[in-house]
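Observations on the model geometry
Each chain, written out:
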Amino acid sequence: MSSLTSVLPYLEEQFTSQRLVFWHDPESDYLEDIDSIELPDVTVLVVATNEFGLKYRILQEEPHTKFLIYRNGTIPAEIDNWFLDLELAYGVFSADRTALLCRDLELADENIAMVLEPYQKFFRSGKRTQALKALLKPDDSADTVQAKMCAVLLGQTEHSLLELMRTLLSENAHGDDSKYQLLREYGLLDFHWRGVKRIYGYTAAAPSIDDFVLWMFRHAIDDFNSNQPNEFRRIQLDFENLRNDRRSMAALKTLARRAARDLDYANTIQDSSIPSLISKDVFEETERKIISALAKQVSDRTISAREVSETIRRRQSSIWADDYRDLYTAIGAASELLSHLASDSFEIPSFDDGLQKYQREWFRIDQLYRHFQAALRTDERSGAVDMLRSEIEARYVNKYLFELGTQWQHHVDAAKTWQSHTLPLQSAFYHDWVEPIIGKGTKKAVVIVSDAMRYEVADELGTRIRQEDRFDATVDAILGVLPSYTQLGMAALLPHRTLAFSEDGDPVLVDGERSDGTANRNKILETVDGYAIQAEDILAMNNKDLKRLYTEHHVFYVFHNGIDAAGDKASTERSVFEAAKTAIDTLVKLVKKLASANATNIFVTTDHGFLYQESPLADAGYLSTKPSGDNCVVINRRYVLGRGLKEDPAFALFEPQQLGLGGDLQVQIPKSIHRLRLKGSGSRYVHGGAALQEVVIPVVAVNKKRKSDVREVNVEVLPETDKITTGQLVVKLYQSEPVNEKVQPRTLRAGLYAGETLISNQPELTFDQASDDVRDRYQNAKILLGKEADAFNNHQVEFRLEERIPNTTNWRVYQRASYMLRRSFTTDFDF
């Protein structure tokens, strides 16, 4: 028996719009309760072989009365049904729960009732039913309704197979199956797998998520190729979406790792070459294989630096690229570094020639070495390039540092005075760079002194600053003081007439005054209306206070210590390259903050450079002799200060006058890159000597422009046809110029549209090629048509390149190209 309670509201609703309601109850579920029905102003009639009399009463005797005509059991066939004409006119009411449910869900297709019959458990929850109703449309098909029921159970609003699978795969990746089991509990699992079979082509005797994952990745290895055209087109499209959408990218990576292990993928590519793998990125093992092979080829020098660069560039589109970016950086740096070492000759005709060559060329070797070592230290999997690590270290130390140091030492030994005809002296910095700006009293200058920012670090800083909108930077060089250490280098940058060592070497005296510490430097700067401040104090200031402070002085000296603070301690010296990267970031912030306070003439320079090698210093790197003399007041790893110092072939000896210094302290410098062996001090990071890395001092001159000068690189669409006849389209794209500091990379999204309807995948492409060679700047966009394309066959469609609107999640059209879609077949692709 069924209760009338749930039926009455539907009957009442029927009578609001019609006078007659015909109720068929084939199973006689409501027969015993029919006499108890009470509906306002409605007369209940029960059909019991009295059709003619009832019909006469309804139409002739009481033509304005509302009647509920109830009929149970088998309904007569059409010709024997006296009420057929009225039933056709007024419709037939059914109290079947499923039929009532369809009516409640406002579904137009009455046949859906039969489909929903097995899902009574789902509809026992009013919350679930209402959630489903919110998703439904009147013309939804039975498949669509069931798909939306699946969406409700999975706790989402999207019902496409892609979105259902995104949820189930993500759940599976996390080791959970609770949502999957809900589909089983409410009887929708069979429907789900039937859809997966029809839409994706997946078949299995006992389908499961685990089995589907293996099936999907097995086909992905071959790019979903099939003997039957478009057999796996939809899973190919959705696989790409699942892997590239941030909502499921991490989960797909987890599943890929599991599938690679189960399929023993690593073993299948053991003998594969880089060219055969370059376009594959299904599994992480591909990335590891390429990195390993690339590292070996670089180490064996069987691949050119250009080929390495191109291989790395092409791998940047891999979904695994971010996980291996540091290793690729290391390999790229190693390749270029070895190329330099193979082609460069470290012959130095003269003192000035050595300084110029380091400034123009050789600094790059130190920079590449820093990039290589820093990248390896940030990646725990650097064992993959161990052979390259050993090769780089040996050649950098022996071929470069020692060889260059030996060649340069000949000219250091021959120098009568410490000066150059090509590089200005560091001690003349204020006179040459600052004074010309502030001399007339109308302009101001800012000097940022970053401790131990050697030339190669400053070169990278210049690049970073030029990448900022409206900023320009030039990097010049000056000849640093000897010895190349902090106290003397800092003093040399201040305004002065004389520099001299004090009795015990430090502090260094500027015009007879102490120059150590911010307070003493501030006193010296007061003579030129200047001010000394620490970088951290600047960064902590609000803009209003900084502007006020800037306006109160003509010269602003900002002291920053990041690199030397790490390198000068034995316990932290191995982090000096990381400190250099942090220093660059901090200096860019400093420059931008000072510029926001209206500073226009900004210089970034340093007190000294440094030498660094990652490997422990070999015994040959230390001097076997010790300094001696009447009075050795300072003994450092790279310099000695004293009186009556004895000449020794292991040292270069300078009188203070030769170095432009006052006082009576002589200076001894260990030759080449040798160190003095001292207890408790580090040996990898040193400064104080006369090596080119220590004494070629950078000066970065920063200028802020009034107009924007940074833009993204231009990209052109080059169609090779105007028709699409298959399920795939390849569009040639051309980056019309190289990228540089001011012409920056551009990331675009490609897609095919019919009006505003997307009918394809949406691959993202990055255009970041810095090559001057036109051939290097072409890319192809591979467009795969989806099921949506079927509705637009024999119509004009549009290929679009779109760019993201800055600071939003929205996109706008960048370039377009029109095509005629003319395919000979269609597809059936979703619920």
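The structure contained in this document is the topic of the report that follows. (Residues numbered from 1 in each chain as written. Predicted model: local features only at pLDDT ≥ 70, side-chain atom pairs only at ≥ 80, totals over all residues. Heavy atoms only, no water.)

**A few points about the overall build of the protein**
A tally of regular secondary structure across the protein gives 30 helices and 30 strands. In terms of overall dimensions, the protein is more spread out than a globule: its C-alpha atoms have a radius of gyration of 40 Å, far above the 28 Å expected for 831 residues. Taking the principal axes of its C-alpha atoms as reference, the protein extends roughly 140 × 65 × 50 Å. Taking all 831 residues of the protein together, 52% fall into the buried category. (Helix = DSSP H or I, 4+ residues; strand = E, 2+ residues; numbered from the N terminus. Rg over C-alpha atoms; globule rule 2.2 N^0.38 Å. Buried < 20%, exposed > 50% of the residue type's maximum accessible area, 1.4 Å probe, protein only.)

**Overview of the sheet that holds strand β8 (residues 505-510)**
The three strands lie next to each other as β7-β8-β9, forming an open sheet whose pairing is antiparallel. Strands at the two margins of the open sheet, each flanked by one partner only, are β7 (499-502) and β9 (513-514). Sheet topology note: the β8/β9 ladder contains two bridges and is antiparallel. What sits directly across from V510, in β9, is E513. Strands in contact with helix α24 (residues 486-493) are β7 and β8; relative to β8, the strand with the most contacts, it is inclined by about 5°. (Pairing = 2+ DSSP bridges. Contact = heavy atoms within 4.5 Å. Axes fitted to C-alpha atoms, helices over the stretch in contact; angles between N-to-C directions.)

**Observations regarding the side chain of R71**
Locating R71 in the fold gives a position in strand β3 (residues 66-72). A polar contact of 3.1 Å, which involves the side chain of R71, links it to the side chain of N81. Aside from chain neighbours lying at most four places away, what touches R71 is W23, H24, D25, V47, E51, P76, N81, F83 and E87. (Polar contact = N/O pair within 3.5 Å; in protein donor to acceptor, adjacent residues only side chain to side chain.)

**Describing the sheet that holds strand β5 (residues 445-450)**
Read across the sheet, six strands follow the order β6-β19-β12-β5-β11-β10 without closing on themselves; strand pairing throughout is mixed. Each edge of the sheet is formed by a strand with only one pairing partner; in this case those strands are β6 (471-479) and β10 (530-534). Taken over all neighbouring pairs, the strand axes of this sheet differ in orientation by 20° on average, direction set aside. Bridge count between β5 and strand β12 (residues 602-605): four bridges; the pairing is parallel. Its bridge partner lying in β12, I448 is registered against V604. Packing of helix α20 (residues 351-377) onto the sheet brings it into contact with β6 and β19 (696-704), and relative to β6 it is tilted by some 155°.

**Quick notes on helix α11 (residues 189-200)**
Taking 1.5 Å of rise per residue, the twelve residues of α11 would be expected to cover 16 Å, and the 16 Å separating its terminal C-alpha atoms lies within 8% of that figure. Tucked inside the fold, the buried residues of α11 contact α8 (142-154), α9 (161-173), α10 (178-185), α12 (209-221) and α13 (233-244). Directly after α11, the chain includes G201, whose backbone phi takes a positive value near 90°. (Expected span 1.5 Å × (residues − 1).)

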